[in-house]
Amino acid sequence: MKSGHNTGFTLLEVMIVVAIIGIIASVAYASYTNQVMRTNRSDAIAMLNDASQRLQRCYTTYSRYDSDDCAAFSTYEAGVESSEGYYEVELTASTATTYTLTATPIRAPQTNDTNCPTLTLTHAGVRSPEDCW
């Protein structure tokens, strides 16, 4: 039998451990939400590429992107929600020989994405911002 010797943790030791766990959790959560936003960007990228291919077919068929006979032109001119619902893809600028498609976030967590607020793709394949693709 032990006499006069206490074992266990002091309140200070427990508080230090709780503080360390809190710091690690805050860093992990920030990293997690950033990764989720990066992953959800694939929704916009897939829709932009699909819309671009459809507009290229219009150009092949009608020799212009902005033909009224082209279903893709009128569809994307009005704006289309992406398959996962995080973005709206819209034809923001178009002439007979050029177009610019823009994906704008419409649902969280993408609406909080300050690194890549919108994604664009042009007829020449120019993607911006570059770091987001």
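Cut-off values and rules
Residues numbered from 1 in each chain as written. Predicted model: local features only at pLDDT ≥ 70, side-chain atom pairs only at ≥ 80, totals over all residues. Heavy atoms only, no water. Buried < 20%, exposed > 50% of the residue type's maximum accessible area, 1.4 Å probe, protein only. Helix = DSSP H or I, 4+ residues; strand = E, 2+ residues; numbered from the N terminus. Pairing = 2+ DSSP bridges. Arc of directions from axis to C-beta. Contact = heavy atoms within 4.5 Å.

Caption draft 1: View of the pairing of strand 3 (residues 99–105). By the criterion of burial, strand 3 is predominantly enclosed, with five of the seven residues buried. Of the pairings in the sheet, the one linking strand 2 (residues 87–94) to strand 3 comprises seven bridges and is antiparallel in character. Paired with Ala93 across the two strands is Thr100, which belongs to strand 3. From the end of strand 2 to the start of strand 3, which pair antiparallel, there are four residues. Sheet topology note: the strand 3/strand 4 (residues 119–122) ladder contains four bridges and is antiparallel. Bridge assignment links Thr100 to a residue of strand 4, and that residue is Thr122.

Caption draft 2: Representation of helix 2 (residues 71–78) within the structure. Among the residues of helix 2, those classed as buried are Ala72, Phe73 and Tyr76. Buried residues along helix 2 cover an arc of 100 degrees about the axis, so they all sit on one side. In helix 2, those exposed residues whose orientation departs by more than 90 degrees from the buried face are Ala71 and Ala78. Buried positions along helix 2 lie against helix 1 (11–62), strand 1 (80–81), strand 2 and strand 3. Positive backbone phi, approximately 100 degrees, marks Gly79, located one or two places after helix 2.

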